[in-house]
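Structure assessment
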Amino acid sequence: MNAAPESATASPELLQQLVDRALAHVTREEWPQARVCLEQAIGLDARQAALHGALGTVFFRLNDFAAAVRAFTTATELAPTEADLWVQRAVAHLQQGEMGQVEVALRQALTLQPDDPGATKLLADFLRQEGRPREAARQYGKLIDKHDDKAGIGLSLAACFEALGEWPVVQAALQVVLLADPAHAGARAALAGLPAKARAAQPRPAPAQGGLTVEVCCPTLNRPKEVIRLRNSLPDDCIFTPSLESQPRALTLIVNELFQKSTGDIVIMAADHLEFKPACIATVRECFTKQFPDLDGVVGLNLCNLPHLERISEYCFLALGRKFIERFTVGGKYQGVFCPEYYHFYGDTEFGLFAEKIGRFHYVERAAVCTWHPNVGNARRHLPYSASRSRKGFD
């Protein structure tokens with residue numbers, strides 16, 4: 001860290017005159033003259049972070065990025081809680097090619113001001129350029145409803161998930177673009193060519209976590225933003241398999257199809273209104289290792305923000321071991337995990353009760369998920385929920 005700058009005894013009037021002159025030069029884009037005035041002002045009072053920040057901006061305009069870094073570094077040392085100064089410092093480091101310092105400065109800015117869309121976008125772009133698409137996607141995902149260029153954010157998300165080989169999530173990201181700009185020709189063309197591109201792509205390698213593979217299956221209908229939010233709440237080593245439905249149909253049928261196609265050792269039934277808590281997947285994996293090492297069991301997740309459901313919430317969202325899924329194959333033919341007579345409600349509860357009855361159910365409170373369900377808070381109602389409600393009496 002640089003030593004704190006010392007100040008000369010300054011006349012407030014003279015200091016203000018220098019600042020006013022500097023501002024006038026900046027207005028006329030007379031950068032060398034603005035630099036002289038600011039350096040003279042700093043000579044009179046070197047402890048004003050705003051002066052060093054302004055000088056950093058002038059150096060930036062003069063393409064003297066090394067000097068800009070020095071000025072912004074001094075400014076952040078004098079005013080370490082000013083998020084904007086950290087952002088400006090990050091941009092100067094970027095121009096200098098000091099990539100490690102770019103990330104440090106941007107993350108510090110976001111620690112001070114977590115909801116700053118500008119800093120979040122800069123960090124997302126930086127991570128993408130650095131070849132870190134998973135981390136970049138998490139940052140872009142925060143901007144879907146906050147950034148003015150929603151179509152651009154959707155295209156960036158599509159590029160990140162394409163680099164990861166997650167083609168259903170690429171589709172969701174392109175649908176986000178069309179929500180913002182229904183006539184976007186690029187997104188429409190990309191969607192049309194997506195199936196062929198996915199077929200031609202190299203198979204995605206299995207996640208490397210050195211243990212049981214966990215796959216999250218999720219039926220969803222016309223809710224691409226929620227698909228991206230759900231994926232970004234999952235750890236890197238988790239397989240994510242959404243079913244992007246275009247028309248409402250029985251949830252139990254969709255889930256049965258997803259389970260049939262699944263490849264994970266552990267398969268979690270999710271919904272697009274869920275968000276997984278950070279330790280959830282690791283906790284599920286640990287539980288199977290201890291409770292059901294043969295993978296012949298079911299683990300109930302803790303729907304932690306619906307306490308009014310009490311015990312029934314143990315069966316709302318389930319993790320199934322591969323051997324337990326295989327119980328539903330008869331004569332070499334898969335029969336479906338959930339009873340297809342149910343449309344939406346109670347099929348999971350009946351299934352959980354069955355697993356408990358035969359001694360193959362274990363509820364784990366630490367395996368926590370939270371919901372953004374239409375019945376919780378002010379979340380909006382959506383088409384699949386409305387369709388399901390109409391069948392509740394039958395179920």
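The structure contained in this document is the topic of the report that follows. (Residues numbered from 1 in each chain as written. Predicted model: local features only at pLDDT ≥ 70, side-chain atom pairs only at ≥ 80, totals over all residues. Heavy atoms only, no water.)

**Focus: the overall build of the chain**
Along the chain, the regular secondary structure elements total 17 helices and nine strands. By residue count, 49% of the 395 residues in the chain fall in the buried class. A sequence separation of at least 24 residues applies to 66% of the contacts in the chain between residues at least 6 apart. A total of about 19,300 Å² of accessible surface is found on the chain, and carbon and sulfur atoms cover 53% of it. (Helix = DSSP H or I, 4+ residues; strand = E, 2+ residues; numbered from the N terminus. Buried < 20%, exposed > 50% of the residue type's maximum accessible area, 1.4 Å probe, protein only. Contact = heavy atoms within 4.5 Å. Areas by Shrake-Rupley, 256 points an atom, 1.4 Å probe, with all protein chains shown as cover.)

**Focus on the packing of helix H8 (residues 133-141) against helix H9 (residues 150-163)**
Contact pair H8 / H9: the axes reach a minimum separation of 9 Å and the direction vectors enclose 155°. Comparing the axis directions of H8 and H9 gives the class roughly antiparallel. In the crossing of H8 with H9, the sense of the turn from one axis to the other is left-handed. Of the residues in H9, those touching H8 at Pro133, Arg134, Ala136, Ala137, Tyr140 and Gly141 are Ile153, Ser156, Leu157, Cys160, Phe161 and Ala163. Among the residues making up the contact of H8 with H9, the classes are represented as nine nonpolar, two polar and one charged. (Axes fitted to C-alpha atoms, helices over the stretch in contact; angles between N-to-C directions. Parallel < 35°, antiparallel > 145°, perpendicular 65-115°, else oblique. Left-handed = near helix turned anticlockwise from the far one by under 90°. Nonpolar A, V, L, I, M, F, W, Y, C, P; charged D, E, K, R; others polar.)

**A short note on the packing of aromatic side chains**
Evaluation of the coordinates by the stated rule reveals five aromatic pairs. Measuring from ring centre to ring centre gives 5.1 Å for Phe60 and Phe65, while their planes differ by 65°; the resulting arrangement is edge-to-face. A network of ring pairs unites the aromatic residues Phe324, Phe328 and Phe354 as a single cluster. (Phe/Tyr/Trp six-rings, centres within 6.5 Å; stacked < 30°, edge-to-face > 60°.)

**A closer look at the sheet that holds strand E6 (residues 318-321)**
The seven strands lie next to each other as E2-E1-E3-E6-E5-E9-E4, forming an open sheet whose pairing is mixed. In this open sheet, the two strands that pair with only one neighbour each are strand E2 (238-245) and strand E4 (274-276). Within this sheet the neighbouring strands show an average axis-to-axis angle of 30°, counted without direction. Bridging between strand E1 (residues 214-221) and E2 involves eight bridges; their strand directions are parallel. Paired with Val216 across the two strands is Phe240, which belongs to E2. Packing of helix H12 (residues 224-232) onto the sheet brings it into contact with E1, E2 and E4, and relative to E2 it is tilted by some 170°. (Pairing = 2+ DSSP bridges.)

**As for the environment of Gly100**
Counting through the fold element by element, Gly100 comes out in helix H6 (residues 99-112). Residue Gly100 is classed as partly exposed on the basis of its relative accessible area, which comes to 48%. In the structure, Gly100 is positioned 10 residues away from Ala90 in sequence and 9.7 Å away in space, judged by C-alpha atoms.

**A closer look at the packing of H9 against helix H10 (residues 167-180)**
Running from N to C, H9 and H10 cross one another at 170°; their axes reach a closest spacing of 8 Å. It follows from the interaxial angle that H9 and H10 lie roughly antiparallel. In this structure, H9 contributes Lys150, Ala151, Gly154, Leu155, Leu157, Ala158, Phe161 and Glu162 to the contact, and H10 contributes Trp167, Val169, Val170, Ala173, Leu174, Val176, Val177 and Ala180. Residue composition of the contact of H9 with H10, by class: 13 nonpolar, one polar and two charged.

**What about the side chain of Thr371?**
You can see Thr371 is positioned in strand E9 (residues 361-371). Classification of Thr371 by relative accessible area gives buried; the value is 1%. In terms of polar contacts, Thr371 uses its side chain to reach the side chain of His273, at 2.7 Å. (Polar contact = N/O pair within 3.5 Å; in protein donor to acceptor, adjacent residues only side chain to side chain.)

**A closer look at the pattern of salt bridges**
This model, assessed by the stated rule, comprises 21 salt bridges. We note a salt bridge from Arg28 to Glu30, for which the minimum N-O separation is 3.1 Å. You can call Glu30 partly exposed: its relative accessible area is 23%. In this structure, the salt-bridge partner of Lys290 is Glu286, at a minimum N-O distance of 3.0 Å. (Salt bridge = Lys/Arg side-chain N within 4 Å of Asp/Glu carboxyl O.)

**Considering the pairing of strand E5 (residues 298-303)**
With six of six residues buried, E5 lies mostly within the body of the structure. Here E5 shows a buried face lined by Val298, Gly300 and Asn302 and a second buried face lined by Val299, Leu301 and Leu303. Of the strand pairs in this sheet, E5 and E6 are connected by three bridges, and their pairing is antiparallel. Residue Val298 lies in a different strand from E6, and its bridge partner there is Leu320. Alignment of E5 against E9, held across five bridges, turns out to be parallel.

**Some words on helix H14 (residues 280-291)**
The terminal C-alpha atoms of H14, which comprises 12 residues, lie 16 Å apart, in line with the 16 Å expected from a rise of 1.5 Å per residue. Listing the buried residues of H14 in full gives Cys280, Ile281, Thr283, Val284, Arg285, Cys287 and Phe288. (Expected span 1.5 Å × (residues − 1).)

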